[in-house]
Amino acid sequence: MRAKRVLLFLILPAALIAAPSSWLVREIRNEPSGTKVLSGLTHPAQVATDGLGVPTVSASDRYDAMRVLGYLHARDRLFQMDLMRRKSAGRLAEIFGTAALEVDKHQRVYGFEQAARRILATLPKDQVQLLTDYADGVNARLKDQFVLPPEFIALRYTPEPWRPEDSLLVALGMFQTLNGQEQDERMLSVMTQALPAGLLAFLTPDSGPFTTTLSGGPESRRPARPLPSGDWQALLATSKTLAVADIEAGIDTEALIAGSNNWAVDGSRTRDGRAIVANDMHLSLGVPNIWYRAALRYAGRELTGLTLPGLPMLVVGSNGRIAWGFTNIDADLLDLVRLEINPDHPELYRTPEGWRPFEPRRESVSVKGGNSIQLSIKETIWGPVAETPLLEHPVAIRWTALDPAAVDLKLTEMDEVDTLEQAMALLNRTGAPPQNVALADARGHIAWTYMGRFPHRRGFDGSVSLNWGDGVVGWDGFIPPDELPRVVDPPSGFLATANNRTLGKDYPHVIGHNFSNGYRAWRISERLKSLQDATEAEMLDVQLDTRSEIFDFYRDLALSVLDEEALKEPLLREARGAISAWNGRMDADSSGIPLLVNYRRKLAEILFAPVIEHGRRLDSQFAYAWREMETPMRALLNESDPSNLPDTRHRNWRDLKQQVLLDAARDLSARFPDVPLERLTWGRVNRIVIRHPFARQLPPAVAEWLNMAAFDSPGCASFCVRVSGDPHGQTERMAVSPNHPEDGILHMPAGQSGNPFSPHYRDQQAAWQKGRPLPFLPGASRTELYLRPRED
């Protein structure tokens, strides 16, 4: 069977080459042209497609436009859409077999299928109609499609019709990607029990040398603290030596999550008074790209930007009067409710209303080529019981995404807003994965606010797992929309966010705890301060910025310990030459930085090994993944007291720093034995392949055809503005002024189409990879597709 699938991928390209003008080739490539009937349209519609495959939809109203958008998404991204709904629902094993079973079992706990039905039942009629029209457009394409995309052929299955609930599954999948992780609360719960309070505070600040905020004053709820030497030394005295593998598994030095950069500059910083929004969203890089470019024209409205296949809306972009972009908020939207079980009746758990039985939910997971797996999941008044206990206690998942009141399609109404005030009011009331929103209007003004629903907690801050059974702590709905933060026209003339902490403690609500390192937001702000006549091209240049002051500290640290005695070691002499040659950037041709990155990682492993060891006494899966880890790390590295050394094998701090540098150099030399440290470039280390989902299971020749070509990438995963790693990076770059869209910039990796036979499968890759601007607006029409209603 596998051989037949591989043969299919090998034969089809040859067939296309042999008969490039055939009707079958046009059908396989999904080349859009001609006239088609699209049932349900109220009036005729048109799709003009430019040379990059970007469509401009002209329709009579929002409903017709979304019906056409559904048709186009299905035409160009059908397999991607099917994977997204299956992933959320826990139905991947139906097509992939046992390899996907564990993912499905994990997903079934959340009950996204049931959640999607509950959400659909509570949405207003107009939003239900949008979902229905969009689904009808998808299904119309399914009926039209003579040849399915090759992935369906290879896997030997036919996609099911699209339902309105499936779009909500796609939305819930984005919630999970952006805001649905349990690990922060698990980490803090373990650390709270394993460590003294002073040491916990030292290790978990939300501030550092690059902190910038937008509102709520300069003070922090989790400020940087000095090292509590007594607590630290007591921890060291009771620590055991961990194996290297355990240390590496127990620390995440970059703590990557989904993120983004966005900013806005007002008219005081541009040459002609225009305001500009810039946005680059950071998610997993894959083929096809997660976003789909589109322009929508209907009822006097014009929307241009990025859509998400599976959803009937423009996600980010411009309506001609307002432009907007998102960055994820590292918000705390999920609590693990510690359950108190009745010792005499284990089928009961305590609630504020007394003991209550669990509600069982049965799930049957179909497995291709095997028997179905039956799951029994317990439901509580707060949510499902998690798969994994926390500190030996069962916990229930209370999460905004599972609450119908937190999910809606209100973002579709951005087509109607004319002013910043209207936009902020709408976004504050939108049920979506919570985001920082940067806004600009056509009059040269800018603003920032929050989108989404945030828990209004009672009696606790949500950082650790607690028992809610007595009713003392819990959620009292959501923070009122009018109490969400807003900033309009700041005196600086710009504002920027990059998943960092944007609020000071004067803001009355706790939004989160473990925010991303503040460097990217700080660096963007520093760049914007120097711009007085900002243009869209300069916004792109900021998005491509690779400077990383984070590593200046480690360069200086390394050079400070390379004394005359140390330089008797040849590898340390080589290390000094490499580090001294570093140009301060993470460009593909930058040398020295691979060693500094490795040095920082190994320093973190040795410094925090005692923390990992004590955490793993309570939880074998414990990992220290604090995103402002840099703050306690620098405090330790600035220590001079030998009593605070985390490893007694070293005589003093200087000896530790020197030995770790030698270990980092040896490690890199072993990994790249053919390249001297002074010539080892960052691109060689940061090499990226953007892969098709099938690539790892196919022969290299076929995988290379499906993947984007591997390249030595500038940028880095966390500590530079140009976020670029394998497989995490800038999934788009946008810069636009709402009333000057002709000067705007928008590009993304790969291309519009997910079909490897399409000319638009990879035609934006080169521009994205090289940082070359592509127009925000679609170009001249290359093909015209006319859609008319069915005549009864």
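Since we're looking at a predicted model, the values are computed, not measured.

## Regarding the overall build of the protein chain
Looking only at helices and strands, the protein chain has 24 helices and 27 strands in total. In terms of overall dimensions, the protein chain is globule-like: its C-alpha atoms have a radius of gyration of 27 Å, near the 28 Å expected for 792 residues. The C-alpha extent of the protein chain, read off along each of the three principal axes, is 85 × 70 × 60 Å. Of all 792 residues assigned to the protein chain, the portion counted as buried reaches 62%. Across the protein chain, every contact between residues at least 6 apart in sequence was considered, and the portion connecting residues at least 24 apart equals 73%. When the 88 positive and 99 negative side-chain charges of the protein chain are each reduced to one mean point, those points stand 4 Å apart.

## Let's talk about helix α10 (residues 183-194)
Between its first and last C-alpha, α10 extends 16 Å over 12 residues, near the 16 Å set by a 1.5 Å rise per residue. Check the buried side of α10 and you find it contacts α11 (197-203), β10 (334-338), β15 (395-399) and α19 (593-618).

## Overview of the state of the cysteines
One pass over the full model with this rule turns up 1 disulfide. Covalently, Cys716 is tied to Cys720 through a disulfide, its sulfur atoms 2.3 Å apart.

## Regarding the pattern of salt bridges
Following the criterion strictly, the structure yields 60 salt bridges and no others. For Asp166, the salt bridge goes to Arg85, with nearest N and O atoms at 2.7 Å. Of this pair, Asp166 sits in helix α9 (residues 164-179) while Arg85 is found in helix α3 (residues 62-89), placing the two residues 81 residues apart along the sequence. Under the relative-accessibility criterion, Asp166 is labelled buried at 3%. We note a salt bridge from Arg321 to Asp418, for which the minimum N-O separation is 2.4 Å. Of this pair, Arg321 sits in the loop between β8 (314-318) and β9 (322-328) while Asp418 is found in the loop between β15 and α14 (420-428), placing the two residues 97 residues apart along the sequence.

## Things to note about the nonpolar core
By size, the foremost hydrophobic cluster in this structure holds 212 residues, and its most contacted members are Trp324, Leu439 and Tyr554. A total of 13 residues in this core trace back to one element, the largest contributor, which is α3. Counting residues in each nonpolar core, the second largest holds 14 residues, with Ile276, Leu528, Leu531 and Val721 among its members.

## Observations regarding the packing of α3 against α9
In helix packing, the relevant descriptors are the interaxial angle and the interaxial distance, both defined with respect to the helix axes. Contact geometry of α3 with α9 gives a least axis separation of 8 Å together with a crossing angle of 70°. In terms of axis orientation, α3 runs roughly perpendicular to α9. The way α3 lies across α9 gives a crossing that is left-handed. Here α3 contributes Met84, Arg85, Lys87, Ser88 and Ala89 to the contact with α9, which in turn contributes Asp166, Leu169, Val170, Leu172, Gly173 and Gln176. Its residues assigned to classes, the contact of α3 with α9 shows 5 nonpolar, 3 polar and 3 charged.

## A word on the confidence of the model for the protein chain
For the protein chain, the average pLDDT comes to 94, and 96% of its residues sit at 70 or higher. This stretch, residues 1-21, has a pLDDT under 50; its non-local contacts, to residues over four places away or in other chains, come to 31 contacts.

## Digging into the packing of aromatic side chains
For the structure on display, the rule yields 23 aromatic pairs. Ring geometry for Trp705 against Phe757: centres 5.3 Å apart, planes inclined by 55°, an arrangement best described as tilted. Pair noted here: Trp705 is in helix α23 (residues 700-706) and Phe757 is in the loop between β26 (745-747) and α24 (765-770), with a separation of 52 residues, a long-range link. Judged by its relative accessible area of 23%, Trp705 is partly exposed. In this structure Phe757 comes out as buried when scored by relative accessible area, which is 6%. Counting every residue linked through ring pairs, the aromatic cluster contains Tyr349, Phe358, Trp382, Phe460, Trp468 and Trp475. Sitting above the plane of the Phe358 ring, Lys378 keeps its charged end 4.9 Å from the centroid.

## Re the environment of Thr497
In this fold, Thr497 is placed in strand β21 (residues 494-497). As a C-alpha pair, Thr497 and Asn262 span 235 residues in sequence and 5.6 Å in three-dimensional space. Sequence-distant contacts of Thr497, defined by excluding residues within four places in its chain, comprise Leu214, Ser260, Asn261, Asn262, Thr327, Asn436, Trp448 and Thr502.

## Considering the pairing of strand β6 (residues 292-298)
When you tally the buried positions in β6, you get 7 out of 7 residues, the bulk of the element. Burial of the side chains of β6 extends over both faces: Tyr292, Ala294, Leu296 and Tyr298 are buried on one face and Arg293, Ala295 and Arg297 on the other. Here 4 bridges tie strand β3 (residues 55-59) to β6, and the two strands are oriented parallel to one another. Bridge pairing links Thr56 to Ala295 in β6. The hairpin turn running from β6 into strand β7 (residues 301-307), its antiparallel successor, is 2 residues long, and Ala299 in that turn takes a positive phi close to 50°.

## As for the environment of Arg772
Position of Arg772 relative to the elements: it lies in the loop between α24 and β27 (783-788). The class of Arg772 is partly exposed, set by a relative accessible area of 42%. When the C-alpha positions of Arg772 and Leu540 are compared, they lie 8.8 Å apart, and in sequence the two are 232 residues distant. Once you skip the residues sitting within four places of it in the chain, Arg772 turns out to touch Leu540, His747, Ala766 and Ala767.

## What to know about the side chain of Thr546
One can find Thr546 in the loop between α16 (536-543) and α17 (550-560). By relative accessible area, Thr546 is classed as buried at 3%. Ignoring anything within four residues of it in the chain, the contact list for Thr546 reads Gly584, Arg585, Met586, Asp587, Pro714, Gly715, Cys720 and Arg722.

## Some thoughts on the side chain of Gln730
Turning to its location among the elements, Gln730 is positioned in strand β24 (residues 728-730). Engagement of the side chain of Gln730 in a polar contact is seen with the backbone oxygen of Val721, the distance being 3.5 Å. Among the polar contacts made by the side chain of Gln730, one reaches the side chain of Arg733 at a distance of 2.7 Å. Ignoring sequence-local partners within four residues, the contact set of Gln730 consists of Asn261, Asp280, Met281, His282, Leu285, Gln543, Val721, Arg722, Val723, Pro749 and Trp768.

## Topic: the sheet that holds strand β1 (residues 34-37)
Strand order in the open sheet made by the 11 strands is β1-β27-β2-β3-β6-β7-β8-β9-β16-β17-β20, with mixed pairing throughout. Looking at the sheet topology across the chains shown, the edges are occupied by β1 and β20 (486-488). Recorded for the sheet is a direction-independent mean angle of 25° between the axes of neighbouring strands. When β6 meets β7, the two strands line up antiparallel, connected through 7 bridges. Note on β7: the bridge partner recorded for Ala294 is Gly305.

## Description of the pairing of strand β12 (residues 354-357)
Two elements, strand β11 (residues 348-351) and β12, share 4 bridges in a ladder whose sense is antiparallel. Bridging from a neighbouring strand, Tyr349 pairs with Arg356 of β12. Turn length for the β11-β12 hairpin, with the two strands adjacent in sequence and antiparallel, is 2 residues.

## Focus: unusual backbone geometry
Cis geometry marks the peptide bond from Val287 to Pro288, where omega comes out at 0°. Examined against the element boundaries, Pro288 turns out to sit in the loop between β5 (276-284) and β6. The linkage connecting Asp726 with the following residue, Pro727, adopts the cis geometry, with an omega of 15°. Looking at where Pro727 falls in the secondary structure, it is placed in the loop between β23 (711-712) and β24. In this structure, Leu391 takes a positive phi of about 50° despite not being glycine. Of note, Leu391 is situated in the loop between β14 (373-379) and β15.

Reading guide: rules and limits
- Residues numbered from 1 in each chain as written.
- Predicted model: local features only at pLDDT ≥ 70, side-chain atom pairs only at ≥ 80, totals over all residues.
- Heavy atoms only, no water.
- Helix = DSSP H or I, 4+ residues; strand = E, 2+ residues; numbered from the N terminus.
- Rg over C-alpha atoms; globule rule 2.2 N^0.38 Å.
- Buried < 20%, exposed > 50% of the residue type's maximum accessible area, 1.4 Å probe, protein only.
- Contact = heavy atoms within 4.5 Å.
- Lys, Arg positive; Asp, Glu negative; His and termini not counted.
- Charge placed at Lys NZ, Arg CZ, Asp CG, Glu CD.
- Expected span 1.5 Å × (residues − 1).
- Disulfide = S-S within 2.5 Å.
- Salt bridge = Lys/Arg side-chain N within 4 Å of Asp/Glu carboxyl O.
- Core = buried A, V, L, I, M, F, W, Y, C linked by side-chain atoms within 4.5 Å.
- Axes fitted to C-alpha atoms, helices over the stretch in contact; angles between N-to-C directions.
- Parallel < 35°, antiparallel > 145°, perpendicular 65-115°, else oblique.
- Left-handed = near helix turned anticlockwise from the far one by under 90°.
- Nonpolar A, V, L, I, M, F, W, Y, C, P; charged D, E, K, R; others polar.
- pLDDT = per-residue confidence, 0-100.
- Phe/Tyr/Trp six-rings, centres within 6.5 Å; stacked < 30°, edge-to-face > 60°.
- Lys NZ or Arg CZ within 6 Å of the ring centre and 35° of its normal.
- Pairing = 2+ DSSP bridges.
- Polar contact = N/O pair within 3.5 Å; in protein donor to acceptor, adjacent residues only side chain to side chain.

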